[in-house]
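A structural walkthrough
The primary structure of each chain is shown beneath.
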2 protein chains.
Amino acid sequence: MSGRLTVVGLGPGDPRYLTAEAVAALGAAQALYGYGPYLERLPPRPGQSRHPSDNREESARAAAALRHAADGADVAVVSGGDPGVFAMAAAICEEIEAGPESWRALDVVFVPGITAMLAVAARIGAPLGHDFCALSLSDNLKPWDLVERRLDAAASAGFVIALYNPVSRARPWQFGSAVQRLRWHLPAATPVVFGRAVGRPDESVRLTTLAEAAAVPADMATLVIVGTKESRVVLRPGRSPLFYTPRAAAEVNA
Amino acid sequence: MSGRLTVVGLGPGDPRYLTAEAVAALGAAQALYGYGPYLERLPPRPGQSRHPSDNREESARAAAALRHAADGADVAVVSGGDPGVFAMAAAICEEIEAGPESWRALDVVFVPGITAMLAVAARIGAPLGHDFCALSLSDNLKPWDLVERRLDAAASAGFVIALYNPVSRARPWQFGSAVQRLRWHLPAATPVVFGRAVGRPDESVRLTTLAEAAAVPADMATLVIVGTKESRVVLRPGRSPLFYTPRAAAEVNA
């Protein structure tokens, strides 16, 4: 007998972002695995076991969930945002590839969710309205010079840039360095939005410019979107400004 | 008196992808605007008017919805996928910027949705597991040499590439040309997935390689994800293969 593993995207944190598919998957699971604070967001359910783990233990969590599913259980691994974007889905695939043959026989289902850049973009207008990229600033799993090369490539070709994991306690200087690098390619007035804990009670959304961005506090719960030189800010009396990137683009003259 | 405009992401088409926030917004609206086939997916609701329009009329649709909201109504504009990703949100912002001052006073809310690349990725594993970009192949609103420059920048820097709007009747050669261009940077065996109409009865998901990709049929309902040279395919006896991009990356030696 073989079980099932469902990798469920919870979105940015508030239940309003849950899809119908995610709600159904969470209801059907016999066991939930995930980062402790994500599991705490979900109401307890009789007969459903919970297996919280720490933030940096993605591989161990993936392997534990796969073992449990291979024992015949219906197991869900919860993931913040979308599981496929800097989250649990790749860790699950890595463990399946490296693990015992029986894990390849498992029914594995990925349930997409609202990833942070979509939620932050929705709060401020349409900054991702044109071609864009998503880049993790963490250099835990790639060399910093590769991050720099990607910042250069994206900014010089006119992509909007969504920066995941901008700052952590172990990575205090990288974000400032990235902003400085982007200034080689983009005007000082380029709009930048910082979205933190979107959809949660302590949500904050702050619009600034590339010239000012390095001084804005950020952490692992922050998602930063850097516009292009075509991005616009629309001021609205009595309302928060809109930041958007037009659908049309001329040639980039970088 | 001033109304409200909500721009609602429907996700890829099946109700399972709707978020709780989107369901609430659709229920509250007095008038729905959108591309005809998107409106047809939604159950009729007494007292709610419908204003379908054609696919290429984003600006006119946005202006009509804004006028209606400025008359005091609670208006929703529906958008496939996520409204902020090659969809209605940027068109709304453009019209607000260009339109009468009264449109800036409106309460405008953007409701994020599951964009096609997240849904297609979830169907095949975790192809977006590392840094990635989203690029529309339509050259209706930007010159083709800018598309080529972005393909070069993204592929040579090691981004996974999600291609929106790969082919239309008016753009028959662009996709083949883009694939050829990507072959300058990426190995022939680079995994590529074609996802069409994901979540709908006629869904198809097809895994191939960059060498074979130009021969695969695609249209405006197709989303294509091109991996990196680090992307992996995991074969599974009796199950469909997984395509994923590992979380870790070494330096790119392009």
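Above this text is the structure in question.
Residues numbered from 1 in each chain as written. Chains lettered and ligands numbered in written order. Predicted model: local features only at pLDDT ≥ 70, side-chain atom pairs only at ≥ 80, totals over all residues. Heavy atoms only, no water.

The helix and strand inventory of chain A stands at nine helices and 13 strands. For 254 residues, the compact-globule estimate of 2.2 N^0.38 gives 18 Å, and the C-alpha radius of gyration of chain A, at 20 Å, lies within 12% of that figure. Over its C-alpha atoms, taken along the principal directions, chain A stretches across nearly 60 × 40 × 35 Å. The buried share of chain A, reckoned over its 254 residues, is 61%. Considering only contacts within chain A whose residues lie at least 6 apart along the sequence, 67% involve residues at least 24 apart. (Helix = DSSP H or I, 4+ residues; strand = E, 2+ residues; numbered from the N terminus. Rg over C-alpha atoms; globule rule 2.2 N^0.38 Å. Buried < 20%, exposed > 50% of the residue type's maximum accessible area, 1.4 Å probe, protein only. Contact = heavy atoms within 4.5 Å.)

Here is a general trend for soluble globular proteins: nonpolar side chains tend to be buried in one another's company. Counting residues in each nonpolar core, the largest one holds 54 residues, and the members touching the most others are A:Leu163, A:Val226, B:Leu163 and B:Val226. For B:Val226, the residues in contact, after removing those within four places along its chain, are B:Val160, B:Ile161, B:Leu163, B:Leu182, B:Leu186, B:Thr190, B:Pro191, B:Val192 and B:Leu210. (Core = buried A, V, L, I, M, F, W, Y, C linked by side-chain atoms within 4.5 Å.)

Now for the sheet that holds strand β6 (residues 125–126) of chain A. Residues and elements named next belong to chain A. Overall, mixed pairing links the three strands, which are arranged β6-β13-β12 in an open sheet. Here the strands that pair on one side only, and so sit at the sheet edges, are β6 and β12 (232–236). Direction of pairing for β12 relative to strand β13 (residues 239–244): antiparallel, over a ladder of four bridges. The residue of β13 that forms the bridge with Arg 236 is Arg 239. (Pairing = 2+ DSSP bridges.)

Bringing unusual backbone geometry into the picture now. Of note in the backbone geometry, A:Asn165 takes a positive phi value of approximately 50° without being a glycine. Inspection of the secondary structure puts A:Asn165 in the loop between β8 (160–164) and α8 (174–183). We note that B:Ala197 has phi near 55°; this positive angle belongs to a residue other than glycine. Tracing the sequence through the fold places B:Ala197 in the loop between β9 (191–196) and β10 (204–209). The class for B:Ala197 is buried, based on a relative accessible area of 3%.

Bringing helix α1 (residues 20–28) of chain A into the picture now. Residue and element names in this part refer to chain A. The set of residues buried in α1 consists of Glu 21, Ala 22, Ala 25 and Leu 26. One face of α1 carries all of its buried residues, which in axial projection span an arc of 130°. Where α1 is buried, its residues meet β1 (4–9), β2 (31–35), β4 (74–79) and β5 (107–111). (Arc of directions from axis to C-beta.)

The terminal C-alpha atoms of helix α7 (residues 144–156) of chain A lie 18 Å apart, and with 13 residues this matches the ideal 18 Å at 1.5 Å per residue to within 8%. Residues of α7(A) that are buried include every one of A:Trp144, A:Leu146, A:Val147, A:Glu148, A:Arg150, A:Leu151, A:Asp152, A:Ala153, A:Ala154, A:Ala155 and A:Ser156, and no others. The secondary structure elements touched by the buried residues of α7(A) are β7 (132–136), β8 and α8 of chain A together with α7 (144–156) of chain B. Positive backbone phi, approximately 85°, marks A:Gly158, located one or two places after α7(A). (Expected span 1.5 Å × (residues − 1).)

With that settled, consider the packing of helix α3 (residues 58–70) of chain A against helix α4 (residues 88–98) of chain A. Residues and elements named next belong to chain A. For the pair α3 and α4, interaxial distance at closest approach is 9 Å and the crossing angle is 65°. For the pair α3 and α4, the crossing hand works out as right-handed. Residues Glu 58, Ser 59, Arg 61, Ala 62, Ala 63 and Leu 66 of α3 pack against Met 88, Ala 91, Ile 92, Glu 95 and Ile 96 of α4. Partitioning the contact of α3 with α4 into residue classes produces seven nonpolar, one polar and three charged. (Axes fitted to C-alpha atoms, helices over the stretch in contact; angles between N-to-C directions. Left-handed = near helix turned anticlockwise from the far one by under 90°. Nonpolar A, V, L, I, M, F, W, Y, C, P; charged D, E, K, R; others polar.)

The next thing to look at is the interface of chain B and chain A. Think of interface size as the accessible area that goes away when the parts come together; that is how it is often given. Between chain B and chain A, the residue contacts involve 76 residues of the former and 76 residues of the latter. Of the roughly 6500 Å² buried between chain B and chain A on both sides combined, carbon and sulfur atoms contribute 56%. On the surface where chain B and chain A come into contact, there are ten salt bridges. For B:Asp107, the salt bridge identified is with A:Arg239, shortest N-O distance 3.9 Å. By residue class, the composition of the side of chain B that touches chain A is 45 nonpolar, twelve polar and 19 charged. Direction of pairing for β7(A) relative to strand β7 (residues 132–136) of chain B: antiparallel, over a ladder of three bridges. By the bridge assignment for β7(B), A:Ala134 is matched with B:Phe132. (Buried area = accessible area lost by both parts, 1.4 Å probe. Salt bridge = Lys/Arg side-chain N within 4 Å of Asp/Glu carboxyl O.)

The next subject is the pattern of salt bridges. Taken as a whole, this structure holds 24 salt bridges over all chains when the rule is applied. B:Asp131 is paired through a salt bridge with A:Lys142; the nearest N and O atoms lie 2.6 Å apart. Placement of B:Asp131 in the loop between β6 (125–126) and β7 and of A:Lys142 in the loop between β7 and α7 is noted, with the two residues assigned to different chains. Between A:Arg181 and A:Asp152 there is a salt bridge, with its nearest N and O atoms 2.7 Å apart. Taken as a pair, A:Arg181 in helix α8 and A:Asp152 in helix α7 lie far apart in primary sequence, 29 residues in all. On the accessibility criterion, A:Asp152 (17% relative accessible area) is buried.

Tallying each qualifying case throughout the model produces ten aromatic pairs over all chains. Taking 5.4 Å as the distance between ring centres and 75° as the angle between the ring planes, the aromatic pair formed by B:Trp144 and B:Trp173 counts as edge-to-face. Of this pair, B:Trp144 sits in helix α7 while B:Trp173 sits in the loop between β8 (160–164) and α8 (174–183), placing them 29 residues apart in sequence. The class for B:Trp144 is buried, based on a relative accessible area of 12%. For B:Trp173, a relative accessible area of 48% puts it in the partly exposed group. One aromatic cluster in this structure is built from A:Phe86, A:Tyr164 and B:Phe132. Just above the ring of B:Phe159 sits the side chain of A:Arg150; from NZ or CZ to the centre is 5.8 Å. (Phe/Tyr/Trp six-rings, centres within 6.5 Å; stacked < 30°, edge-to-face > 60°. Lys NZ or Arg CZ within 6 Å of the ring centre and 35° of its normal.)

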